[in-house]
Amino acid sequence: MHDDIADPSSINWSEAWKARQQHRRAADDPAIWDQRARHFRPHATHPYSTAFLEHAGVLSGETVLDMGCGAGSLAIPLAHNGALVLACDFSHAMLDTLRECAEEASLGQQISCRHLAWEDDWEACGIARKSVDVAIASRSIATTDLQAALFKLDQTARRRCCTTLVVGPSPRYDARVMEGIGIDVAPSNDFIYAFNMLIELGRLPEVSYIVSPRLDTFDSLDEAVADYSRMLDDAHAHKLPELRSYLADHLLDNPHAGEPGGKGKPQGALRLDHERTVTWAFISWNPAGA
């Protein structure tokens, strides 16, 4: 007997998710992503995107809903491979950047863009039930109602749904740096909630993993401190001097300065002495009626 082990079926995973969101930093709003959009031009397919597409197995000629599409890191290669993509995002600037990239790649006829948020009434916005073959959401489910988001993907797709959620600490944090200044970073493990919600929905989710490196480079110590200080909440604001000292000790000259870097920006003159990686759980399932 193992009476001390909690029964997962006794947990209301949707309510547990909502309760957890009350203690987490709010997701970035559209204005923040609008400011970032100019740096998100997918000139080449990132290793993460390549891995996601390999797992997704979208077929040429299929229709795809790409929810939280950003500037097209998945929509562009999907269209190149013959898919018809409905690319949706809550950032107007991201969609504008995607349209420009699609036109530059002569893919404007294969990618349609629509302004859409997770909280919107999708059917009222023209996203009909069972209107696409595959619905995907890559690293983009940032909502207080995860169950509703998964259900919307499930209701929209005919053949397959795919999403990625973080394993371990949130990608907002560099756990090694935080630990170096005496801050414990709790694991997020968002995928556990999604997996169990899908079980509750009567689906049979499959899980695999994508390990994605993060290339953090900077042009100065001050730039690095400004970037990493966003990882400090109010309770740890007093750690800023320790953060500066840690970064000063762990920044090295970057031999690839000026070369293409993350998010379309050239690499800076300095880099950290360790590689930061984020592990994503790739969750796929057959939707209702598949």
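Residues numbered from 1 in each chain as written. Predicted model: local features only at pLDDT ≥ 70, side-chain atom pairs only at ≥ 80, totals over all residues. Heavy atoms only, no water.

K.L.:
Mind laying out the side chain of threonine 163, listing which residues take part and the relevant values?
P.N.:
Here threonine 163 lies in strand β5 (residues 157-167). Take threonine 163: its relative accessible area is 0%, and that puts it in the buried class. One polar contact links the side chain of threonine 163 to the main-chain carbonyl oxygen of alanine 137, over a distance of 2.7 Å. Leaving out residues up to four positions away in the same chain, threonine 163 has contacts with Phe52, Ala137, Ile141, Leu150, Ala281, Phe282, Ile283 and Trp285. (Helix = DSSP H or I, 4+ residues; strand = E, 2+ residues; numbered from the N terminus. Buried < 20%, exposed > 50% of the residue type's maximum accessible area, 1.4 Å probe, protein only. Polar contact = N/O pair within 3.5 Å; in protein donor to acceptor, adjacent residues only side chain to side chain. Contact = heavy atoms within 4.5 Å.)

K.L.:
Which residues make up helix α3 (residues 47-56), and what values do they have?
P.N.:
Taken as a whole, α3 has its buried residues at Tyr48, Ser49, Ala51, Phe52, Leu53 and Ala56. In the core, the buried residues of α3 are packed alongside α4 (75-80), β4 (132-138), β5, β6 (206-214) and β10 (276-285). Of the residues flanking the end of α3, it is glycine 57, one or two places downstream, whose phi is positive at about 65°.

K.L.:
Please give an account of the packing of helix α1 (residues 13-21) against helix α8 (residues 190-200) that cites residues and values.
P.N.:
Where α1 meets α8, the axes come as close as 9 Å, and the angle between the chain directions of the two elements is 155°. Comparing their axes, α8 and α1 come out roughly antiparallel. In the packing of α1 onto α8, the handedness of the crossing is left-handed. From α1, Trp13, Ser14, Ala16, Trp17 and Arg20 reach across to α8, where they touch Asp190, Ile192, Tyr193, Asn196, Met197 and Glu200. Grouping the amino acids of the contact of α1 with α8 by side-chain chemistry returns 6 nonpolar, 2 polar and 3 charged. (Axes fitted to C-alpha atoms, helices over the stretch in contact; angles between N-to-C directions. Parallel < 35°, antiparallel > 145°, perpendicular 65-115°, else oblique. Left-handed = near helix turned anticlockwise from the far one by under 90°. Nonpolar A, V, L, I, M, F, W, Y, C, P; charged D, E, K, R; others polar.)

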